[in-house]
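# Report on the structure
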Amino acid sequence: MRKRIRRLLRRNHTTQKQSGPVRKRRLSPYGWALLVILAAALTVGTYWWFNRPGPIDKLDLTVLETSDRKAVQEGIHTEFSQNEVYPVQDYAILGETLTLYQNPYDPIVTDPTLGKNITLRNILTGEELSYTFGGGGDLGIQTGNLPEGVYEIYLYDQYDKKRVYFDEKVLSDPLETMRRDKSVKSVVLDADRDILSDYDITLDRNYAFLVVTDQVPRVKTVDVVLDPGGNLYNELTGVTDTGTQYKDSSESQLAMELADLVAARLEAAGLKVAYTRQGDDIAGYYGDAGRAAAGYSRQGKVFLSLVMTEDENTARPWLLTSPFVSGSLPSNMAYALRQAGIELRSVNATAPDEAVAYDTQQQNEDWSYNQFSMTPAIRETGGKITWAGQSGVITGNQMYQDAAGMYPVQFVFGNGENEDSMEYYLTHKEQIADGLAAGILEYYGIEPPESDSETQTVGGSTGTPQASSVPAQDATEQGTDPSRAE
């Protein structure tokens, strides 16, 4: 056995000697080139991955700045004859609605764009979407559900499709739409012949584009502004109106209570709510500290004022809005209130809903109507559409005369001089809050909360806890929510 082992060891030793040293393989020039290319690709890919625009980064970028160069160059239409273009001079934004005007906007003068169809064409995908300018500030391009993209704007003049342009350059402030599924759209109207210069594309006119970018919400912006009645400072007289009184409860207390109920339901659906005042604060509708400013400063889309009345004809709730909108939102809210079992007062047989009234327009010395309506909560919150800051009676809101406006709605929930009216409200206030919130959510196509239990918490500026409903976290927000009131 030992001899056999020695022979095997000797044989292995001899074999190793004969085989000699093992040669190392070297990379050929081609191999080295391939290795360098792979390393470079890995480096570039890693850099791109860690530096790609994230949700927060996109707050400072539009989809146009991040679009594929070839897609833009191949998707854009640049050549139009004189008969294929349509000039406009003005635009306005109300809530999420964009409207265009051939003449400077005037709510009591019919614009040539009235009744005309608009087509948006996404140059990145070729998709087309159509809308109609219906005359009211809420009847136009609905931006809330537009897919991300860069849209050419066309208008049908008779049967001819024409490219919309401005004589002067236009760049709107970004409109942040309502929160949906924890995200928003940033919408910019841009009319500039140099808009595509980075893509080596030259335009011969300031053609209008709508640039729509998906983003996370900014912490400052809100969706709905709630305006509890009472404690109203009158800038004209310098007097504070505490509001209507019912037994031991004031209008300011009852309106705040209803605002809290509505806020909880809206927040349960992911919306962000602001208040125009907190607690027993006193505020008017004018100036930087006014109720209108509380909405403008945070880009509110809906302004819902909750008030009482002493009108002897009021026994059931009703709604008021601007004469310069169609009334589609308050009509939707009226329908939702009825679905919740609420009786409403009939105030207008010609409106889309009989429970919706249009604010009375002011009259000139010759009894003709002018551009201003009577109620500050309506007139001063709709921006350009409602001629905010231009009535001349009280100064303080001139900075909002061209602003993107909030959709103004006032809800009269009770009559302090009518026992039946107040008992009806107090008995049905939960259902009223359900209807008001549901009407807003349905109008903007926002899914309601899955369970009614989420709406049982009380929100708002009274400081009561909100345990179960948590709105989507906004960009730059680290788990904290600043006060709803400015």
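For clarity, every value in this text was computed on a predicted model and none was experimentally measured.

Further remarks concern the sheet that holds strand 3 (residues 97–101). With antiparallel pairing, 3 strands are arranged side by side in an open sheet as 2-3-6. Two strands in the sheet have a free side with no partner beyond their single neighbour: strand 2 (90–94) and strand 6 (141–142). Looking at chain direction, strand 3 and strand 6 are connected through 2 bridges and run antiparallel. Bridging across to strand 6, Leu98 finds its partner in Ile141.

If you walk through the whole model with that rule in mind, you get 8 aromatic pairs. With a centroid separation of 4.1 Å and 15° between ring planes, the pair formed by Tyr296 and Tyr400 is classed as stacked. Residue Tyr296 is found in helix 5 (residues 291–296), and its partner Tyr400 is found in the loop between helix 7 (376–379) and strand 24 (407–415); the two are separated by 104 residues along the sequence. Side by side, Tyr296 and Tyr400 carry an identical accessibility label, which is buried. A ring pair is formed by Tyr407 and Tyr443, whose centres lie 6.1 Å apart and whose planes are at 85°; its orientation type is edge-to-face. Placement of the pair is Tyr407 in strand 24 and Tyr443 in helix 8 (residues 419–443), with a sequence separation of 36 residues. Judged by relative accessible area, which is 1%, Tyr407 ranks as buried. By relative accessible area, Tyr443 is classed as partly exposed at 22%. Pairwise contacts between aromatic rings join Phe80, Tyr154 and Tyr207 into one cluster. The cationic tip of Arg205 hangs over the ring face of Tyr165; the distance from NZ or CZ to the ring centre is 5.3 Å. Just above the ring of Trp318 sits the side chain of Arg345; from NZ or CZ to the centre is 5.7 Å.

Thresholds, definitions, all that
- Residue positions are given per chain, counting from 1 as you read along its sequence in written order.
- Only residues with pLDDT of at least 70 are given local features in this predicted model, and only at 80 or more are side-chain atom pairs given and counted; all residues enter the totals for whole chains, interfaces and linings.
- Excluding hydrogens and water, the side-chain figures rest on all heavy atoms present in the structure.
- When DSSP locates at least two bridges between a pair of strands, those strands are taken to pair.
- Each helix is a run of H or I in the DSSP string that is no shorter than four residues. Each strand is a run of E no shorter than two, and both are numbered from the N terminus.
- Pairs were defined over the aromatic rings of Phe, Tyr and Trp, the Trp ring being its six-membered one, requiring ring centres within 6.5 Å. Orientation was assigned from the angle between planes: stacked under 30 degrees, edge-to-face over 60, tilted for the rest.
- The buried label goes to any residue with under 20% of its type's maximum accessible area, the exposed label to any with over 50%, and the partly exposed label to all in between, with areas taken from a 1.4 Å probe on protein chains only.
- Each ring is checked for a lysine NZ or an arginine CZ that lies within 6 Å of its centre and within 35 degrees of its normal; such an atom marks a charge sitting over the ring.

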